[in-house]
Amino acid sequence: MRILHTSDWHLGRDLEGLSRLDEQKAFVDELVAHADAERVDLVLVAGDGFQSYNPAAAAEALFYDALDRLSAGGRRAVVAIAGNHCSPERFTAASPLARTHGIALFGYPSDEPVLDQEGAGADRVRFVAGGPSWVEVAVPGCPAHAVVLALAYPSEARLLLAPDGEEAESQVNYADQVRRIFAGLEGHFRADTVNVAMSHLFLAGGQPSDSEQEIQVGGAYSVPPDALPATAQYVALGHLHRPQAAGGLPHVRYSGSPLAYSFSEAGQAKSVVLVDLEPGEEARIREIPITCGRPLRLWRAASVEQVLEWCAQGKDEGAFIDLEVQVAEHPAPGQVQAIKALRDFVYIRPVLPEAAGAGADGVRETLSERERLQRFFRLKNQGREVAEELVDLCQLLLQEARTGAEPEAEAEVAAAGEESR
């Protein structure tokens, strides 16, 4: 049986207001082309098909169109789970219709697949057995069935874990619960089936990117590798956007996101995973590069003139760009807009000499606290000056914070801020 593993499409996600929908459509086209060319039997979508609980109509239409095309009219199996960005109820609302196309959807860890009736045609995908978080799939032309353990995003709330308690204790309880779930599901594996597991979680030791926001702020517990089913021939994971083997186990993999969704992923190669499996045999794994999607590039320019020169040369044409440019003084708003009009600059960060660590003569400038506050406000207000009273009050707050006094000036600061606008 040949399996295609993908995840973290995040349909509907933009980049600071710049739409990625055309790139996401191109990814779906490329994914379907790979599935057809490689004669894939089973597609695993390991979570976060959507960016939000309430996706835009265009994103929702693209998601279901992708599943329909991947299923090849019911001749190729598709098993998809909800991730932390997906509404479980909305994700599985189409399950009765999806089943007729050979698609099984799991929103919660407790969800069960819609099974086919006995006597269904052998020329179409059939879900012959299943229960909470697992399904047995018969695919036309494959002598062995596949047993897929499909654990949708196991948040603490969805696992009914108590929210109180020490952080360390909660982490242990979470890992133990995931371990117990997989241990119970593992009993459905058989010697005559292809046995795979899939989930959307953070495996300890995985390498995240800035675009997985809940991991960065500590909102996701990790799972140790020994919590995964030991007898799974392949484990398809979603949640991390960097393609990687995980847990020191070559058969445990994150496919990664198909597009770069933050500049921490600039220059990162994107891919999906192709897996060949036979009952009782080790997985044969190969990555297939994803070539669609606009690149993300970091520009660090020594001057505005250098930025203009790079634009004239066509450097990184077609890319989204994060620009940091050194300037002698903060540019006027009109200058920033003129630069932004040249290319798709997602961020433009002018760096003043003192911020870069040196003055014009190569020596760090010595600025007073008041001067630093004034420059900070100019930076945040695109070069505009602010009321001196606001600077006075901010200095007062800083002094009170240093001495441990109560910051009585908070209301005055807010009022002064309103006046400065």
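Quick caveat, the model's predicted, so the values are computed rather than measured. (Residues numbered from 1 in each chain as written. Predicted model: local features only at pLDDT ≥ 70, side-chain atom pairs only at ≥ 80, totals over all residues. Heavy atoms only, no water.)

(A) Structural detail: the side chain of Arg76. Considering the arrangement of structural elements, one finds Arg76 in the loop between helix H2 (57-71) and strand E3 (77-81). Side-chain polar atoms of Arg76 contact the backbone oxygen of Ala35, separated by 3.2 Å. Among residues more than four places away in sequence, those in contact with Arg76 are Ala35, Asp36, Val40, Asp41, Leu42, Val43, Arg69, Leu70, Ser71, His101, Gly102 and Val125. (Helix = DSSP H or I, 4+ residues; strand = E, 2+ residues; numbered from the N terminus. Polar contact = N/O pair within 3.5 Å; in protein donor to acceptor, adjacent residues only side chain to side chain. Contact = heavy atoms within 4.5 Å.)

(B) Spatial organisation of the side chain of Glu186. For Glu186, the location among the structural elements is in the loop between helix H5 (167-185) and strand E8 (194-200). For the buried Glu186, no salt bridge is present, and the opposite-charge side chain at shortest range is Arg179, 9.9 Å distant. A distance of 3.1 Å separates the side chain of Glu186 from the backbone nitrogen of Ala230, its partner in a polar contact. Sequence-distant contacts of Glu186, that is, excluding residues within four places in its chain, are made with Leu149, Pro229, Ala230 and Thr231. (Buried < 20%, exposed > 50% of the residue type's maximum accessible area, 1.4 Å probe, protein only. Lys, Arg positive; Asp, Glu negative; His and termini not counted. Salt bridge = Lys/Arg side-chain N within 4 Å of Asp/Glu carboxyl O.)

(C) Spatial organisation of the nonpolar core. If you look at the biggest cluster of nonpolar residues, it comprises 33 residues, and the most contacted ones within it are Leu4, Trp9, Phe27, Leu67, Leu70 and Phe91. Of all the elements in the fold, those that place two or more residues in this core are helix H1 (21-37), strand E2 (42-45), H2, E3, strand E4 (103-106) and strand E14 (271-276). Counting residues per element, this core draws most heavily on H2, at six residues. Formed by 28 residues, the second largest nonpolar core is a distinct cluster that contains Val79, Val148, Met198 and Val273. (Core = buried A, V, L, I, M, F, W, Y, C linked by side-chain atoms within 4.5 Å.)

(D) Layout of the layout of surface pockets. Here the second largest pocket is characterised by a volume of approximately 190 Å³. Ala260, Gln268, Gly293, Arg294 and Pro295 are the residues nearest the centre of the second largest pocket, which is lined by 16 residues in total. A per-class count over the lining of the second largest pocket returns nine nonpolar, three polar and four charged. (1 Å grid on protein atoms, 1.4 Å probe; cavity = no way out; pocket = protein on both sides within 12 Å on 5 of 7 lines; lining within 4 Å. Points joined across faces, edges and corners; volume = space filled by probe spheres on them. Nonpolar A, V, L, I, M, F, W, Y, C, P; charged D, E, K, R; others polar.)

(E) Layout of helix H7 (residues 304-313). What H7 keeps buried is the set Val307, Trp310 and Cys311. The buried residues of H7 all sit within an arc of 100° when viewed along its axis, so they share a single face. Opposite its buried face, H7 presents the exposed residues Glu305, Ala312 and Gln313, each directed more than 90 degrees away. For H7, the elements touching its buried residues are strand E16 (296-301), strand E17 (320-326), helix H8 (333-340) and strand E18 (345-351). Gly314 sits one or two residues past H7 and shows a positive phi near 80°. (Arc of directions from axis to C-beta.)

(F) Structural detail: the sheet that holds strand E13 (residues 249-254). Strand order in the open sheet formed by seven strands is E5-E6-E7-E8-E11-E13-E12, and the pairing between neighbours is mixed. Two strands bound the open sheet, and with one partner strand each, they are strand E5 (126-131) and strand E12 (244-246). Taken over all neighbouring pairs, the strand axes of this sheet differ in orientation by 30° on average, direction set aside. With five bridges connecting them, E5 and strand E6 (residues 134-138) associate as antiparallel partners. Paired with Ala129 across the strands is Glu136, a residue of E6. (Pairing = 2+ DSSP bridges. Axes fitted to C-alpha atoms, helices over the stretch in contact; angles between N-to-C directions.)

(G) Quick peek at the packing of aromatic side chains. Scanning the entire structure with this criterion turns up 10 aromatic pairs. Judged by centre distance (5.5 Å) and plane angle (45°), the rings of Tyr174 and Tyr221 are tilted. Note that Tyr174 is positioned in helix H5 and Tyr221 in the loop between helix H6 (213-216) and strand E10 (222-223), a separation of 47 residues in sequence. Within the aromatic cluster, the residues linked to one another by ring pairs are Trp9, Phe27, Phe50, Phe63, Tyr64 and Phe91. In this structure, Arg294 packs its charged tip against the face of Phe320, placed 3.9 Å from the ring centre. The ring of Trp310 is capped by Lys315, whose NZ or CZ atom sits 3.6 Å from the centre of that ring. (Phe/Tyr/Trp six-rings, centres within 6.5 Å; stacked < 30°, edge-to-face > 60°. Lys NZ or Arg CZ within 6 Å of the ring centre and 35° of its normal.)

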